[in-house]
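Survey of secondary and tertiary structure
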Amino acid sequence: MAFSSWISRLRSSSKPIYTKFRNSFTTTAPPPSLAAEIILRCRHIRKPPVSPWARSLLPLALAVSAGSFISQSNGVNCPSYCQSPILDQTKGIGGKDSTDYLVKGSLKKIPQELIEELKLICKDNMTMDYDERYFHGKPQNSFHKAVNIPDIIVFPRSEEEVSKIVASCDKHKVPIVPYGGATSIEGHTLCPSGGVCIDMTLMKRVKSLNVKDMDVVVEPGIGWMELNEYLEPYGLFFPLDPGPGATIGGMCATRCSGSLAVRYGTMRENVINLKVVLANGEVVKTGSRARKSAAGYDLTRLMIGSEGTLGVITEVTLRLQKIPQYSVVAMCNFPTIKDAADVAIASMLSGIQVSRVELLDEVQVRAINLANDKKLPEAPTLMFEFIGTEAYSREQTLIVQKIASEHNGSDFVFAEDPEAKKELWKIRKEALWACFAMEPNFEAMITDVCVPLSHLAEIISKSKQELDASSLVCTVIAHAGDGNFHTVILFDPNKDEQRKEAERLNHFMVHAALDMEAGTCTGEHGVGTGKMKYLEKELGIEALKTMKRIKDALDPNGIMNPGKLIPSHICF
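To start, this report covers the structure provided alongside it. (Residues numbered from 1 in each chain as written. Predicted model: local features only at pLDDT ≥ 70, side-chain atom pairs only at ≥ 80, totals over all residues. Heavy atoms only, no water.)

Secondary structure assignment for the protein chain yields 22 helices and 20 strands. Across the 572 residues in the protein chain, those meeting the buried criterion constitute 58%. Once local pairs closer than 6 in sequence are excluded, the contacts in the protein chain between residues at least 24 apart make up 76%. (Helix = DSSP H or I, 4+ residues; strand = E, 2+ residues; numbered from the N terminus. Buried < 20%, exposed > 50% of the residue type's maximum accessible area, 1.4 Å probe, protein only. Contact = heavy atoms within 4.5 Å.)

Written out as structure tokens, the structure reads:
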């Protein structure tokens with residue numbers, strides 16, 4: 001197929017998919033009276049103080065690998081499952097084998113003294129408007145819900161303001177939930193215990209750019225797309241590319257990655273240091289700007305992926321990359337999703353320096369066609385990007401074309417024109433919104449798992465068989481180069497049986513990954529409230545106990561994003 005003919009299928013309207021479907025999903029907030037009716041309160045039980053011996057465990061705990069440190073999940077002023085033996089510990093919210101959908105929590109009246117203190121700190125940059133609070137309490141891309149919403153929204157403009165806000169909330173033992181681009185999937189910004197939502201979007205300055213060192217210091221509210229627009233004139237870019245709208249602070253908090261992680265790594269590898277406000281209001285800088293250091297505990301990695309449960313990120317120093325000299329984007333179709341996955345694996349094993357390997361199943365391609373009025377072949381499809389010199393990029397392309405032909409690949413086409421390449425990646429980035437073209441009034445349960453690369457074809461085939469057998473519309477999208485794949489499951493929120501079926505499929509996929517060697521329940525979306533129930537199977541009880549010790553040492557009042565990360569049945 002001639003490329004000029006093929007690329008014409010991709011020409012989309014100038015109106016983005018998101019704009020096209022956004023109005024279909026605008027949620028009208030229920031009246032305050034209705035919200036009050038669904039509030040679930042729980043009897044307050046005083047939390048015992050953290051003993052000196054527990055505090056003394058902090059140095060030991062911090063020495064543990066900081067890849068996945070997690071917070072306690074019992075809500076502020078709610079009884080801990082450790083403290084209330086009458087509660088069924090195996091069925092707690094987010095606990096082991098939990099099947100609960102609505103995240104419960106207590107609701108304590110905000111002290112008037114705190115409100116006055118926040119007014120002095122934030123001036124006009126705070127609100128108690130119900131519609132604004134409802135908006136912040138309902139994640140825009142997540143099906144997860146909580147019975148409560150934040151009581152107050154504050155919009156700090158500086159690290160000093162964040163420090164004062166957090167210290168004041170800690171003094172009054174009021175929960176804090178940091179808030180960025182609201183693109184998280186697993187309920188990270190839910191406010192099950194009400195409290196103060198700290199919206200960081202006004203803190204979006206580029207504080208310093210060090211071109212010769214290829215690093216940049218930014219505030220957490222800047223988006224990755226905005227940052228790359230700023231960096232482009234300098235010939236630099238920040239290589240992580242999650243969903244549109246994600247902010248740098250939120251990307252650090254969830255340890256996200258994206259399609260370029262196969263080449264450049266995740267946030268864990270691309271953050272040099274952080275500044276973080278701890279629960280008591282103290283500001284900690286986690287390291288220097290040196291590219292490597294063996295000085296002390298790795299506090300940077302402790303905070304990355306902590307999802308706001310250990311502190312509020314106020315400054316980030318990032319590694320940058322040179323904009324590639326040349327790139328080629330290629331696409332190829334396959335008769336089965338296993339064939340496509342096998343080619344992704346074979347390409348990585350060949351030693352080629354691929355910068356992207358993305359897999360779309362035939363249902364996802366159908367959604368793209370429907371949303372954009374295109375005519376792409378509705379078959380499992382691989383998308384590649386090769387970078388380097390012009391000769392090297394073309395050489396890599398030809399090698400992968402040969403690999404694809406050995407695994408039943410067809411219609412192998414590639415693009416070198418900048419606009420054509422941009423068009424190709426645009427349809428991948430807007431895949432979620434394209435799904436809603438098939439079911440405009442449905443919600444999406446979006447989940448991801450990750451397995452060692454050698455197991456990718458097996459788990460995708462196994463999951464795909466289960467998804468295809470379901471009555472629900474399900475699509476598969478994978479970062480196939482590093483074993484990470486996603487499923488978008490569309491369901492009618494008004495039909496409980498459809499929601500339960502979506503949850504069953506999610507459960508099946510996660511356990512299929514965990515049953516394989518070294519699989520994980522989430523490759524890049526994070527834990528939030530949605531994946532807590534799988535952590536004990538993946539990490540073991542002792543790892544979770546260690547994480548809880550760290551959480552309690554750094555946040556003894558349990559105010560930092562309560563109800564996230566660590567299952568409520570974990571005690572130590």
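Tallied over the full model, the rule gives 2 cavities of 30 Å³ or more. The volume enclosed by the second largest cavity comes to roughly 40 Å³. If you trace the second largest cavity, you find 10 residues lining it, with K108, I110, V174, P175 and S193 closest to the centre. In terms of residue class, the lining of the second largest cavity is made up of 3 nonpolar, 3 polar and 4 charged. (1 Å grid on protein atoms, 1.4 Å probe; cavity = no way out; pocket = protein on both sides within 12 Å on 5 of 7 lines; lining within 4 Å. Points joined across faces, edges and corners; volume = space filled by probe spheres on them. Nonpolar A, V, L, I, M, F, W, Y, C, P; charged D, E, K, R; others polar.)

As a further point, take the pattern of salt bridges. For the coordinates displayed, the defined rule picks out 37 salt bridges. The shortest N-O distance in the salt bridge between R289 and D215 comes to 2.7 Å. Separated by 74 residues along the polypeptide, R289 in the loop between β11 (283–285) and α13 (299–303) and D215 in strand β8 (residues 215–218) bring together distant segments of the chain. (Salt bridge = Lys/Arg side-chain N within 4 Å of Asp/Glu carboxyl O.)

The next thing to look at is the environment of T127. Here T127 shows up in strand β2 (residues 126–127). For T127 and V154, which are 27 residues apart along the polypeptide, the C-alpha to C-alpha distance reads 6.5 Å. Reaching out from T127, the side chain makes a polar contact with the backbone nitrogen of D129 at a distance of 3.0 Å. (Polar contact = N/O pair within 3.5 Å; in protein donor to acceptor, adjacent residues only side chain to side chain.)

What follows covers the sheet that holds strand β5 (residues 176–179). Strands sit in the order β2-β4-β6-β5 across an open sheet of 4 strands; the sheet is mixed. Looking at the sheet topology across the chains shown, the edges are occupied by β2 and β5. Where β5 meets strand β6 (residues 196–199), 4 bridges bridge the pair, whose relative direction is parallel. Looking at β6, one finds that V177 is bridged to C197. Against the sheet, helix α8 (residues 159–172) engages β4 (152–154), β5 and β6, with an angle of about 170° to β6. (Pairing = 2+ DSSP bridges. Axes fitted to C-alpha atoms, helices over the stretch in contact; angles between N-to-C directions.)

Let us look at the packing of aromatic side chains. Aromatic ring pairs are defined here through the distance separating the ring centres and the angle between the ring planes. Evaluated as defined, the whole model comprises 6 aromatic pairs. Seen from their ring centres, F237 and Y264 are 5.8 Å apart, and the 85° between their planes marks the pair as edge-to-face. Placement of the pair is F237 in strand β9 (residues 236–237) and Y264 in helix α11 (residues 261–264), with a sequence separation of 27 residues. Ring centres of W433 and F436 lie 6.0 Å apart, and the angle between their planes is 40°; on these two criteria the pair is classed as tilted. Each member of the pair, W433 together with F436, is buried. A cation sits over an aromatic face here: R356 above W425, 4.5 Å from the ring centre. (Phe/Tyr/Trp six-rings, centres within 6.5 Å; stacked < 30°, edge-to-face > 60°. Lys NZ or Arg CZ within 6 Å of the ring centre and 35° of its normal.)

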